[in-house]
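# Descriptive structure summary
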Amino acid sequence: MAVTSETLAQVKSVTEDGYKHGFVTDIEMERTAKGLSEDTVRFISARKNEPEWLLEWRLKAYRHWLTMPEPQWAKVSFPPIDYQDSYYFAAPKSDSDKPKSLDEVDPKLLETYAKLGIPLLEQEMLAGVAVDAVFDSVSVATTYKKKLGEMGIIFCSFSEAVQEHPELVRQYLGSVVPYADNKHATLNSAVFTDGSFVYIPKGVRCPMELSTYFRINAENTGQFERTLIIADAGSYVSYLEGCTAPQRDEHQLHAAVVELIALDDAEIKYSTVQNWYPGDEEGRGGIYNFVTKRGACRGRNSKIAWTQVETGSAITWKYPSCLLIGDNSVGEFYSVAITANRQQADTGTKMIHIGRNTTSTIISKGIAAGRADQTYRGQVKIMASAEGARNFTQCDSLLIGDQCGAHTVPYIETHNPTARVEHEATTSRISDDQLFYCMQRGLSAEEAVSVIVNGFCKEVMRTLPMEFAVEAQKLIGISLEGSVG
Amino acid sequence: MPLLEINGLHATVDGKPILNGIDLVIEAGEVHAIMGPNGSGKSTLAYVLAGREGYEVTAGEIRYDGKDLLEMAADERARAGLFLAFQYPVEIPGVAGTTFLKAALNAIRGHRGESPLDAMQFLKFVREKAGALNITDDMLRRSLNVGFSGGEKKRNEALQMAVLEPKMAILDETDSGLDIDALKLVASGVNALRAPDRSLLVITHYQRLLDYIVPDYVHILADGRIVRSGDKLLAVELEEKGYGAFVGAKAA
Ligand SMILES: Nc1ncnc2c1ncn2[C@@H]1O[C@H](COP(=O)(O)OP(=O)(O)OP(=O)(O)O)[C@@H](O)[C@H]1O
Ligand SMILES: [Mg+2]
């Protein structure tokens, strides 16, 4: 049976009614002065006790960043970002003596998680999820590490990986998203503060969903996560990323980078539920979410699947992509993007077919309500070497009301005549008939919209791990509240 | 106090008068049938009762269960026990019949102050009702009404009614499109719902349905008015004479 609300009792939902994450925890922050310069980069690197090569890499990125123009091609608009008006590093005060277990975690933090409905303490028991919780750039709690460690799995904060596994970090960092890739990714390369690191050894099937709850705190703090996941030959891992943010007045820049590497016969499943503060009805105060996510299927028969449910942020700019290098490798992209009020989203994927008999599937479901605007931008590129490559793309848009917009922009480029590329697209509206039918059965207008939209997204929702799907389903309802009637 | 009382109801759709003065009183426990030619306003009456937008009441009043029905939103009416089996049930892609029905049932239970059913309790309850209507698990799992045959859609409406246990059920041509066996199943489902505190308004074109669901009263609707009311024999008479004998006649 499809995911239904009864599992909610098992997995505490992140939100109740409306956006209730509008609070700021008053944990003391230690941070850099406002602004961005080489000194900022050096400060961050020194603060994290990084090796010389990493500092050099950051500086290279910073110097390159200065020369780069802002990307202009996306269909989003916002005032120019004042990079000098942000803080680039904030760490909870207790950073120096990091907690060894949850008992040692600042109770204030735990309280924050409780408010968010992320019961870290119960999490292990309830959902069997190991949580590497990132609170404002620095990991404060890692569970299940021991059990994973026994299998040779490394799951830790990025800073920890730099200290404990520098050779792996050095080998793979920037190997999928080079430091000069795009303005946002380059900025991240210069000033990233923390994130997650995963390594799954040869032939190991990770026995649990690895999960990180990202949370932005502290006003005016840019957030630059760095995630690196390596699945060695024949291994498997499913990784979950989710986040919430407290309400605030100023736009907040978030420029994360995620790099995935799958070697021979390895599989990585990466799922995201994103519900950052989207701003008020006029779009004030929301998060700018400029993320670079890319996976490389380096090995033969390797597979990378991205699933994302995007409901938050004022502006989303995000294209999880796959480089299908190994022969027979598989890339998948399942996406639900919801924009309401003044939200803008320009999202999609890129599937670059390089190896022989590589296949990719793209299922994108876009929902726009209010005066929101969204664009699906998908690129399928078949290189000359990709003999027998296949792609299937399906893009469906659902409009609620008549002031919103949805646009589909497929780019297809084929350099090999044996390739098969299929593209299907539909646009529909929630009809008055459907709304009335649901309401005649006792559902409120909002419940009706939630039911209809969840049905529309079903193909994507069923690719999410159970505990995430429940949360996502609820979020969909919440994010569309007030969009009818 | 009647469960439903309609007085001098006039309604327009897109500015066009469709209902031109309807009076109808339904006591708790009664079954009323409405018959009438195509386009006479039967579905319009059903929609006005259910609170569909775009159906504007220009005069008259409706009291339901002691309340002013026209003051209530469509979903409030539904939660207060007013149910409409649609003449043309609506398709909702991707939403399993069970998911939909569970959301509806729990919304209504919540209104009645009852606790929501969990998945297991709900499934057991629905399967029982579905079995009686010859509705398979496969049909319950499929997207609501999507690709259902005409008869399957109607049986599905009957199932929803059986599960939601309304106080006042309006069946808009639920018999149309049903084969003989399904008609009997649906009729016995409807009869099972008959209770002293529950009323039915059955819209139909066929006297045959009324052999199974025996009405207390039959009304003939023409040009947005009830032109004749009687007992079940009126339906038999109508079957013999056709509408010609009634249309244009004064209300009896
Ligand atoms: N949106 C609309 N605009 C104009 N006229 C409408 C509209 N909706 C319904 N009507 C008209 O109202 C009249 C009554 O329609 P209604 O559906 O109530 O008839 P009915 O008695 O249920 O007919 P049937 O037996 O065919 O189901 C019809 O003439 C129909 O064309
Ligand atoms: Mg009709």
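Source: prediction; values computed, not measured.

## What to know about the coordination of the magnesium ion (ligand 2)
Residue and element names in this part refer to chain B. Here the magnesium ion (ligand 2) is held by Ser 43 (OG) and Gln 87 (OE1), and the distances to it run 2.0 to 2.1 Å. One end of the pair, Ser 43, is in helix α1 (residues 42–50); the other, Gln 87, is in the loop between β6 (82–85) and β7 (92–96), and 44 residues separate them in sequence. Comparing Ser 43 with Gln 87 shows no difference in burial state: the two are buried.

## Some details on the confidence of the model for chain B
Averaged over all residues, the pLDDT of chain B equals 92, while 98% of them reach at least 70. Confidence estimates for the predicted assembly give a pTM of 0.78 and an ipTM of 0.95.

## Remarks on the sheet that holds strand β10 (residues 199–203) of chain B
Residue and element names in this part refer to chain B. Read across the open sheet, the six strands follow the order β6-β9-β10-β3-β11-β12; overall the sheet is mixed. Since the sheet does not close on itself, it has two edges, and those belong to β6 and β12 (225–230), each with one partner. Between one strand and the next, the sheet's axes are offset by a mean angle of 20°, whatever the strand orientation. Pairing of strand β9 (residues 168–172) with β10, which is carried by five bridges, proceeds in the parallel orientation. Counted as the bridge partner of Asp 172 is Ile 203 from β10. Where helix α6 (residues 150–164) meets the sheet, its contacts fall on β6 and β9, and the angle it forms with β6 comes to roughly 165°.

## Quick notes on the side chain of Arg 77 of chain B
Residues and elements named next belong to chain B. If you trace the backbone, Arg 77 turns up in helix α2 (residues 74–79). Buried within the structure, Arg 77 lacks any salt-bridge partner; Asp 68 is the closest side chain of opposite charge, at an N-O distance of 7.2 Å. A polar atom in the side chain of Arg 77 sits 2.9 Å from the backbone oxygen of Leu 49.

## So, the interface of chain A and chain B
Each side of the interface is counted separately: chain A has 22 residues, and chain B has 35 residues. Carbon and sulfur atoms supply 65% of the area buried between chain A and chain B, which totals about 2,200 Å² over both sides. In terms of surface lost to chain B, no three residues of chain A exceed Phe 436, Tyr 437 and Arg 441 of chain A, which account for 35% of the buried area on that side. The tally of links between chain A and chain B comes to two salt bridges. Only α9 (432–440) and α10 (445–456) of chain A provide two or more residues apiece to the side of chain A that touches chain B.

## Examining the pairing of strand β3 (residues 31–35) of chain B
Residues and elements named next belong to chain B. Across the five residues of β3, five count as buried, placing the element largely inside the fold. Residues of β3 alternate between two faces, with Val 31, Ala 33 and Met 35 on one and His 32 and Ile 34 on the opposite face, all of them buried. Pairing geometry for β3 and β10, over four bridges, is parallel. Following the sheet pairing, Val 31 is matched in β10 by Leu 200. Of the pairings in the sheet, the one linking β3 to strand β11 (residues 217–222) comprises four bridges and is parallel in character. Looking across to β11, one finds that Met 35 is bridged to Ile 220.

## Describing the packing of aromatic side chains
All names here are of chain A. Here the structure, examined in full by the defined rule, presents twelve aromatic pairs over all chains. Aromatic side chains Phe 155 and Tyr 239 sit 6.4 Å apart centroid to centroid with 90° between the ring planes, which places their arrangement in the edge-to-face category. In this pair, Phe 155 is assigned in strand β5 (residues 154–157) and Tyr 239 in strand β9 (residues 236–244), connecting sequence segments 84 residues apart. An identical accessibility class is assigned to Phe 155 and Tyr 239; each is buried.

## Examining the site of ligand 1
Residues and elements named next belong to chain B. For ligand 1, the set of nearby residues contains 15 residues, the closest of which are Gly 39, Lys 42, Ser 43, Thr 44 and His 205. Here an oxygen atom of ligand 1 and a backbone polar atom of Gly 39 are 2.9 Å apart. Protein contact buries 67% of the 640 Å² of open area that ligand 1 shows by itself. Those elements that place two or more of their residues in the shell around ligand 1 are β2 (16–26) and α1. Considered class by class, the residues forming the shell around ligand 1 number three nonpolar, eight polar and four charged.

Procedures and definitions
Residues numbered from 1 in each chain as written. Chains lettered and ligands numbered in written order. Predicted model: local features only at pLDDT ≥ 70, side-chain atom pairs only at ≥ 80, totals over all residues. Heavy atoms only, no water. Donors = N, O, S within 2.8 Å, 3.2 Å for Na, K, Ca; no water. Helix = DSSP H or I, 4+ residues; strand = E, 2+ residues; numbered from the N terminus. Buried < 20%, exposed > 50% of the residue type's maximum accessible area, 1.4 Å probe, protein only. pLDDT = per-residue confidence, 0-100. Pairing = 2+ DSSP bridges. Axes fitted to C-alpha atoms, helices over the stretch in contact; angles between N-to-C directions. Contact = heavy atoms within 4.5 Å. Lys, Arg positive; Asp, Glu negative; His and termini not counted. Salt bridge = Lys/Arg side-chain N within 4 Å of Asp/Glu carboxyl O. Polar contact = N/O pair within 3.5 Å; in protein donor to acceptor, adjacent residues only side chain to side chain. Buried area = accessible area lost by both parts, 1.4 Å probe. Phe/Tyr/Trp six-rings, centres within 6.5 Å; stacked < 30°, edge-to-face > 60°. Near = heavy atom within 4 Å. Areas by Shrake-Rupley, 256 points an atom, 1.4 Å probe, with all protein chains shown as cover. Nonpolar A, V, L, I, M, F, W, Y, C, P; charged D, E, K, R; others polar.

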